[in-house]
Amino acid sequence: EAVAAEWMLEFACSCLCRHFSEQEGPEFRRWRDVAQALINGLSQIPPHQKKPVYLCQLLIRVAQGKNLGLKFENDKRISPLESALSFWTLLEREEMNLEKLHGDIRRLIQIQIVAVHMENRYFKEAAEVLERLFTDSESDKPLRVKLATVIKTKDPYVPLLQSFSYSLLICKIKSYIELFMKENETNFLIQEATKQVVSKGLGAAAWQNGPVEVNENDKSDLETKQRFVSSIILLRDMLGQQHETYGRMQNCCLDVDSSLFWMYINCLLGLDNTQNVGKNEISLACSRKRQRWTYQEDLELKAGVREFGVGNWTKILVHGNFNNRTSVMLKDRWRTLTRID
């Protein structure tokens, strides 16, 4: 089990990196949940798995870096980016050969921690976080003084913050991801998947480097298997939480005859058609229902358009905090908001 979990964590980290780089919001969030469930299942982090764990935690936090309402730490003052900085510090300790890139990313995270507070008009908090971020070392002093001056202006659009923007931070992290992926080309599950592709005559190189033509049945089967793996991990995590709550490991189970159980399974597997499952052949539909847009989501959408521009819906989706939305939904909502205005 420990060996299999290690392979799965490596694979989840690889998928998380790829979808972060490609800015695929829904897929990134799906693999974020898988990676987090696997990490939560570790009693301790083996030395050789520290980098994947730290990188997953970094990406999860950077993706939500502009959402000051989201907290990853017990200390409610700590923003997602400040939490990300702690994991970046741990990553730096694991490798010594990327000093220039390490320094660039560290500086960008520090600047953006202050910038995000200022964009939200939290100037007092920006000053407080500056005190936490920087030590009294001489190397930190120039940047600390510049940021202190910026905070006093109460202008989130000064040249310093624009030059070291959030988009530049994302680009630098993508550069780091490329290097990480090259180092981890020996990922066991990817190698085994490649063998399967080769055995079916599809060509491993084509599979690794770009889309390949597959028949619809094979494609559907692969997607179902991927969803099933994710669902089992999440279901295991849920059962673990149930065990912690009631403290009954032997009797910790779900009623497989209940419609609620099968609805949960269907949702995890992404089955949006009516399914006949269970010995009573319970028919259930798990289709996506229309959800009202909240005021907070509208603010996120407007902020995203200001930063990335109209049309960059995927970028806005990745960097915003939306409730189960797609890029098409964002586009339609923006059209509605424009008409209202």
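The rules behind each value
Every chain's residues receive numbers from 1 upward, in the order its sequence appears when written. Side-chain atom pairs in this predicted model are given and counted only at pLDDT of 80 or more, local residue features only at pLDDT of at least 70, and totals for whole chains, interfaces and linings cover all residues. Here the side-chain values reflect all heavy atoms present in the structure, with hydrogen atoms and water set aside. Strands here are runs of E lasting at least two residues and helices are runs of H or I lasting at least four, both read from the DSSP assignment and numbered beginning at the N terminus. Classification of residues uses two cut-offs on accessible area relative to the type maximum, computed with a 1.4 Å probe and protein chains only: under 20% is buried, over 50% is exposed, and between them is partly exposed. A contact between two residues is defined here by any heavy atoms of the two lying within 4.5 Å. We get accessible surface area from the Shrake-Rupley algorithm with a probe of 1.4 Å; when it comes to residues, only the shown protein chains can shield them. Working definition of a nonpolar core: buried Ala, Val, Leu, Ile, Met, Phe, Trp, Tyr and Cys residues. They are joined through side-chain atoms within 4.5 Å. Convention adopted: a line fitted to C-alpha atoms gives each axis, helices being fitted over their contacting stretch, and angles between N-to-C directions are expressed from 0 to 180 degrees. Each angle receives one of four descriptions, namely roughly parallel if under 35 degrees, roughly antiparallel if over 145, roughly perpendicular if within 65 to 115, and oblique otherwise. Gly counts as polar in this scheme, as do all residues outside two lists: the nonpolar Ala, Val, Leu, Ile, Met, Phe, Trp, Tyr, Cys and Pro, and the charged Asp, Glu, Lys and Arg. Salt bridges are counted wherever a side-chain nitrogen of Lys or Arg sits within 4 Å of a carboxyl oxygen of Asp or Glu. Two rings from Phe, Tyr or Trp (for Trp, the six-membered ring) form a pair when their centres are within 6.5 Å of each other. A pair whose planes differ by under 30 degrees is stacked, one over 60 is edge-to-face, and the rest are tilted. Look at NZ for Lys and CZ for Arg. If either is within 6 Å of the ring centre and within 35 degrees of the ring normal, a charge sits over the ring.

- The chain carries the name Telomeric repeat-binding factor 1 in an unreviewed UniProt entry, which gives Falcunculus frontatus as its organism.

### Considerations on the overall build of the chain
Turning to step 1, where the next piece is worked out: Along the backbone of the chain there are 16 helices and 2 strands.
Turning to step 2, where the next piece is worked out: Sorting the 341 residues of the chain into buried and exposed places 37% on the buried side.
Turning to step 3, where the next piece is worked out: Counted over contacts in the chain with a minimum sequence separation of 6, partners at least 24 positions apart contribute 59%.
Turning to step 4, where the next piece is worked out: Here the chain displays about 20100 Å² of accessible surface, and carbon together with sulfur accounts for 52% of that area.

### What about the nonpolar core?
Turning to step 1, where the next piece is worked out: Ranked by size, the top nonpolar core spans 60 residues in total, and within it Leu-55, Leu-58, Leu-59, Val-62, Val-114, Leu-147 and Tyr-176 carry the most contacts.
Turning to step 2, where the next piece is worked out: Looking at which element gives the most residues to this core, the answer is helix 5 (residues 99-119), with 10 residues.
Turning to step 3, where the next piece is worked out: Setting aside chain neighbours within four positions, we find Leu-58 in contact with Ala-84, Phe-87, Trp-88, Leu-91 and Ile-109.
Turning to step 4, where the next piece is worked out: Trp-293, Phe-308, Ile-316 and Phe-322 belong to the second largest nonpolar core, which has 10 residues in total.

### Brief notes about the packing of helix 6 (residues 123-133) against helix 7 (residues 141-153)
Two packed helices can be described by the angle between their axes and the distance between those axes.
Turning to step 1, where the next piece is worked out: Put simply, helix 6 and helix 7 touch, their axes get as near as 10 Å, and they point 170° apart. By the angle between their directions, the pair helix 6 and helix 7 is classed as roughly antiparallel. Contact residues: Phe-123, Ala-126, Ala-127 and Leu-130 in helix 6; Arg-144, Leu-147, Ala-148 and Ile-151 in helix 7.
Turning to step 2, where the next piece is worked out: Here the contact of helix 6 with helix 7 is composed, by residue class, of 7 nonpolar, no polar and 1 charged.

### Brief notes about the pattern of salt bridges
Two side chains with opposite charge may pair up if their charged atoms get near one another.
Turning to step 1, where the next piece is worked out: A full pass over the atoms with the stated rule returns 16 salt bridges.
Turning to step 2, where the next piece is worked out: Through salt bridges with shared partners, one network takes in Lys-100, Asp-104, Arg-107 and Lys-172.

### A few points about the packing of aromatic side chains
Given two aromatic rings, one states the distance between the centres and the angle between the planes to describe the pair.
Turning to step 1, where the next piece is worked out: Going through the model one piece at a time under the given rule, you end up with 6 aromatic pairs.
Turning to step 2, where the next piece is worked out: Between the aromatic rings of Phe-20 and Phe-28, the centroid separation amounts to 5.9 Å while the plane-to-plane angle is 55°, which identifies the pairing as tilted. By the burial criterion, Phe-20 is buried, and Phe-28 matches it.
Turning to step 3, where the next piece is worked out: Ring centres 6.3 Å apart and planes at 50° place the aromatic pair Tyr-54 and Phe-87 in the tilted group. Of the two residues, Tyr-54 is situated in helix 3 (residues 50-63) and Phe-87 in helix 4 (residues 80-94); the sequence distance between them amounts to 33 residues.
Turning to step 4, where the next piece is worked out: Stacked on the ring of Trp-293, the Lys or Arg Arg-325 has its end atom at 4.2 Å from the ring centre.

### With respect to the side chain of Asp-298
Turning to step 1, where the next piece is worked out: Mapped onto the elements, Asp-298 comes out in helix 14 (residues 295-308).
Turning to step 2, where the next piece is worked out: Asp-298 has contacts with Trp-293, Arg-333 and Leu-337, leaving out every residue within four places of it along the chain.

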